[in-house]
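Geometric and topological summary
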2 protein chains.
Amino acid sequence: MDPGLIQLDQGSGGRAMHELIDTLFVSAFNNPLLAERNDSAVIEIRGERLAMTTDSYVVDPIFFPGGNIGSLAVHGTVNDLSMLGAKPLYITSGFILEEGLACGDLEKVVMSMAQAAREAGVLVVAGDTKVVPRGKADKLFINTSGIGILPPGIDISGRNARPGDQVLINGTIGDHGMAVLCKREGLAFENEIQSDAASLNGLIALMLDAFAGIHVLRDPTRGGVATTLNEIAEHSGVGIRLFEEALPVRGDVLGACELLGLDPLYVANEGKVLAIVPAQGADAVFSAMKSHPLGRAACRIGEVVSNDPGRVFLRTRIGGHRLVDMLRGEQLPRIC
Amino acid sequence: MDPGLIQLDQGSGGRAMHELIDTLFVSAFNNPLLAERNDSAVIEIRGERLAMTTDSYVVDPIFFPGGNIGSLAVHGTVNDLSMLGAKPLYITSGFILEEGLACGDLEKVVMSMAQAAREAGVLVVAGDTKVVPRGKADKLFINTSGIGILPPGIDISGRNARPGDQVLINGTIGDHGMAVLCKREGLAFENEIQSDAASLNGLIALMLDAFAGIHVLRDPTRGGVATTLNEIAEHSGVGIRLFEEALPVRGDVLGACELLGLDPLYVANEGKVLAIVPAQGADAVFSAMKSHPLGRAACRIGEVVSNDPGRVFLRTRIGGHRLVDMLRGEQLPRIC
């Protein structure tokens, strides 16, 4: 492994993080469950398939329009479980607090977690609290881990995309990343950009009811839609073509991205799911998405192709094609 | 809740942390599983009882005699599951890395985790990595969460201690806390004090094979033996009497404690289990402990009594009795 020092971009969700995970974690913890590299692992206990996942949250600032680190920590873990088609049941929460954090802020965060958990129908069953001296952490970090139950017959994985599949998303892209970044940098637009952070388990249950044969579900968090689709293209050995004119981006998010020189395709989302669906099920899944409050702005944004395996291309408005690579470097640190 | 600021002692494992947990977490996440307040929660999935737990590790320094933050993170979570009598199966690991951490240090830590997991027979199935800018964390923090399976018929809980039960421990107390503290403060004794950090699932399986009716198992980590026994006394509504002459403390640990004005009863352990066992099973459990490499120095250190419910007393060498309260204030920050 690299003899050097850890760099910020090794936590970005992009290329550098994937290299760190491959060279160190997957090889050290060598086992087929981890090597699957989905958002959650599928484990089996006495014949019952469960999904298990973990995420640490270090978002800065801890309060942002549309949520805070606490609600985000619940949504994120609920979503990671949901991306396998699992029904999330139980989560744990581990807090690392910086000495001097306002107790009122901690209370607000915990209350938001509790509300998010209630709304998503999961129970927080175990917790842990550490306090470190001032300057040894930044306000608070939260880890949430979770388990859920995987219904029989569901087989959703980043390895399952097949040529001919359609690529759907449940709404606009880049909202979370730009909400956090604008708040952090004190950028004021006419309307405050709101994070899309939300628990997607209800939406996904509806989509699976409509068509249980969905191939891939993945939430485009760190690294955004571009990086997530690159992962899927790599793991499935397929090409993915996006249609530029179909990509849904809010006007204010696009404006902020242009101002800051960011591409919304690489900006994090926390309430979005990319669904890759065989053509025969795509209409049913799309209708199910549209019928749910979190899927009203659903779009068909691309298709899976057999050429250029491992790569993602954007078909531009004028009919050209441009390579959409995985995120390189750190676009937005501490976005989740 | 307190309108003030978070204090170091709210993460100490002692009184202040218990108040924080009671007033905030247990009430916000209001559910009977969390309210049980054991090291792990017992959850039920399709009739199967599982144990689930989480812990974040912020130990400073990250390398200490007898282990490092990585091996500790595995041992700690394996032990929390084992303390319910569960067989630990799967764990997750969430890393928060400070930009600039030496990659070689991370590699050593991860390799130690992998080895500890192999030795304990658990699989690391999911992970997460975040990187925060320099000065926003201290080298690295690790969260490990885990699940295990609870054999039928086992009912171990901090609420189960009964008058007449014996209090056993598998070896010397205070080793981990003093190893970390001496390393951190650069205190050199003739021999370096070694942490006792170890996975106890093998030992505990043996103890349960010998006598399945063990009432309480608890690992005396933050806050030490004194705080852990106070928790048990409170939750079970019983008194606990310790015998001073029976408390096993290594000479070097005692020396370091005396030098620093610390009481080994309050110093953290990471490879110790307190077992509270009905008298009829105590000999069998004690023999099983003695037969295991991690229990060779096992001792009977006390008994459960009906008077003074919720309190722990020490019967001193000269026959007096002194109240052993829960830890107040922060004795040793960042010990795990």
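What follows covers the overall build of chain A. The helix and strand inventory of chain A stands at nine helices and 14 strands. In terms of overall dimensions, chain A is globule-like: its C-alpha atoms have a radius of gyration of 19 Å, near the 20 Å expected for 336 residues. Oriented by its inertia axes, the alpha-carbon framework of chain A measures out at about 55 × 55 × 50 Å. Among the 336 residues that make up chain A, the fraction classed as buried is 64%. When contacts within chain A are restricted to residue pairs at least 6 apart in sequence, those whose partners lie at least 24 apart make up 84%. In the structure as shown, chain A presents an accessible area of about 11500 Å², 49% of it carried by carbon and sulfur atoms. In chain A, which carries 29 positive and 40 negative side-chain charges, the distance between the mean positions of the two groups comes to 1 Å.

Residue and element names in this part refer to chain A. Relative to the helices and strands, Asn-201 resides in helix H6 (residues 201-210). Within polar-contact distance, the side chain of Asn-201 engages the backbone oxygen of Ala-120 at 2.9 Å. Discounting residues that sit within four places of it in the chain, Asn-201 has contacts with Val-78, Asn-79, Ser-82, Pro-88 and Ala-120.

This next bit is on the interface of chain B and chain A. Taken together, the 78 residues of chain B in the interface contact 78 residues of chain A. Both sides together, the interface formed by chain B and chain A hides about 6900 Å², and carbon and sulfur atoms give 72% of it. Of all residues in chain B, the largest losses of buried area upon contact with chain A belong to Ile-6, Phe-29 and Cys-103 of chain B, amounting jointly to 10% of the total for that side. Where chain B packs against chain A, one counts six salt bridges. Residue Arg-46 of chain A pairs with Glu-48 of chain B through a salt bridge whose shortest N-O separation is 2.7 Å.

Glancing now at the pairing of strand E8 (residues 166-169) of chain B. Residue and element names in this part refer to chain B. Relative to strand E11 (residues 274-277), E8 runs antiparallel, the two being bridged by four bridges. Its bridge partner being in E11, Ile-169 is matched across the sheet by Leu-274. Sheet topology places E8 next to strand E12 (residues 299-305); four bridges connect them, and they run antiparallel. Across the sheet, residue Val-167 finds its bridge partner in E12, namely Gly-302.

Let us look at the domain arrangement of chain A. Residue and element names in this part refer to chain A. Along its sequence, chain A is carved into domain 1 (8-149) and domain 2 (166-324). The distance between the C-alpha centroids of domain 1 and domain 2 comes to 21 Å. Between domain 1 and domain 2, the contact holds 29 residues from the first and 28 residues from the second. For the domain 1 and domain 2 pair, buried surface summed over both sides reaches about 2200 Å², with 52% attributable to carbon and sulfur atoms. The interface formed by domain 1 and domain 2 includes two salt bridges.

Quick look at the relation of the copies chain B and chain A now. Expressed as a screw transformation, the operator carrying chain B onto chain A has a rotation angle of 180° and an axial translation of 0.0 Å, and the superposed copies differ by an RMSD of 0.0 Å. Expressed as an axis order, the relation between the two copies is that of a two-fold axis. Within chain B, Ala-137 of chain B has its C-alpha nearest the rotation axis, a separation of 2.1 Å. The overlap is high: 100% of the interface residues of chain B also sit at the interface in chain A, so the same surface is used on both sides.

All names here are of chain B. Tracing the backbone shows Leu-20 in helix H1 (residues 15-28). Taking relative accessible area as the criterion, Leu-20 reaches 2% and is therefore assigned buried. Distance from Leu-20 to Ile-6, taken between C-alpha atoms, is 9.5 Å for residues 14 residues apart in sequence.

Residues and elements named next belong to chain A. With 13 residues, helix H7 (residues 224-236) extends 18 Å between its outermost C-alpha atoms, agreeing within 8% with the 18 Å of an ideal straight helix rising 1.5 Å per residue. With twelve of 13 residues buried, H7 is to be regarded as a mostly interior element. Taken as a whole, H7 has its buried residues at Gly-224, Val-225, Ala-226, Thr-227, Thr-228, Leu-229, Asn-230, Glu-231, Ile-232, Ala-233, His-235 and Ser-236.

The next point concerns the pattern of salt bridges. Residue and element names in this part refer to chain A. As enumerated under the stated definition, the model contains 34 salt bridges over all chains in all. Between Arg-241 and Glu-303 there is a salt bridge, and its shortest N-O distance comes to 3.1 Å. One end of the pair, Arg-241, is in strand E10 (residues 239-243); the other, Glu-303, is in strand E12 (residues 299-305), and 62 residues separate them in sequence. Overall, Arg-241 belongs to the partly exposed group, its relative accessible area being 26%. With a relative accessible area of 27%, Glu-303 lands in the partly exposed category. Across the salt bridge formed by Glu-244 and Arg-317, the nearest N and O atoms sit 3.9 Å from each other.

A word on the sheet that holds E12 of chain A. Residue and element names in this part refer to chain A. Across the sheet, which stays open at both edges, the seven strands sit in the order E9-E11-E8-E12-E10-E13-E14 with mixed pairing between neighbours. The open sheet terminates on both sides in strands that have one partner only, identified here as strand E9 (216-218) and strand E14 (321-323). Taking each pair of neighbouring strands and ignoring which way they run, the sheet shows an average axis angle of 25°.

Residues and elements named next belong to chain A. The terminal C-alpha atoms of helix H4 (residues 103-120) lie 26 Å apart, and with 18 residues this matches the ideal 26 Å at 1.5 Å per residue to within 8%. Those residues of H4 that fall on the buried side of the exposure criterion are Cys-103, Leu-106, Val-109, Val-110, Ser-112, Met-113, Ala-114, Ala-116, Ala-117 and Ala-120. Looking one or two residues beyond H4, the residue adopting positive phi is Gly-121, at roughly 75°.

The next thing to look at is the environment of Phe-29 of chain B. Inspection of the secondary structure puts Phe-29 of chain B in the loop between H1 and helix H2 (32-35). When the C-alpha positions of Phe-29 of chain B and Arg-218 of chain B are compared, they lie 23 Å apart, and in sequence the two are 189 residues distant. Residues within four places of Phe-29 of chain B in sequence aside, it is in contact with Ser-93, Val-110, Met-113, Ala-114 and Val-124 of chain A together with Leu-34 of chain B.

Calculation rules
- Residues numbered from 1 in each chain as written.
- Chains lettered and ligands numbered in written order.
- Predicted model: local features only at pLDDT ≥ 70, side-chain atom pairs only at ≥ 80, totals over all residues.
- Heavy atoms only, no water.
- Helix = DSSP H or I, 4+ residues; strand = E, 2+ residues; numbered from the N terminus.
- Rg over C-alpha atoms; globule rule 2.2 N^0.38 Å.
- Buried < 20%, exposed > 50% of the residue type's maximum accessible area, 1.4 Å probe, protein only.
- Contact = heavy atoms within 4.5 Å.
- Areas by Shrake-Rupley, 256 points an atom, 1.4 Å probe, with all protein chains shown as cover.
- Lys, Arg positive; Asp, Glu negative; His and termini not counted.
- Charge placed at Lys NZ, Arg CZ, Asp CG, Glu CD.
- Polar contact = N/O pair within 3.5 Å; in protein donor to acceptor, adjacent residues only side chain to side chain.
- Buried area = accessible area lost by both parts, 1.4 Å probe.
- Salt bridge = Lys/Arg side-chain N within 4 Å of Asp/Glu carboxyl O.
- Pairing = 2+ DSSP bridges.
- Domains from an automatic or database assignment.
- Least-squares fit on C-alpha atoms with pLDDT ≥ 70 in both.
- Expected span 1.5 Å × (residues − 1).
- Axes fitted to C-alpha atoms, helices over the stretch in contact; angles between N-to-C directions.

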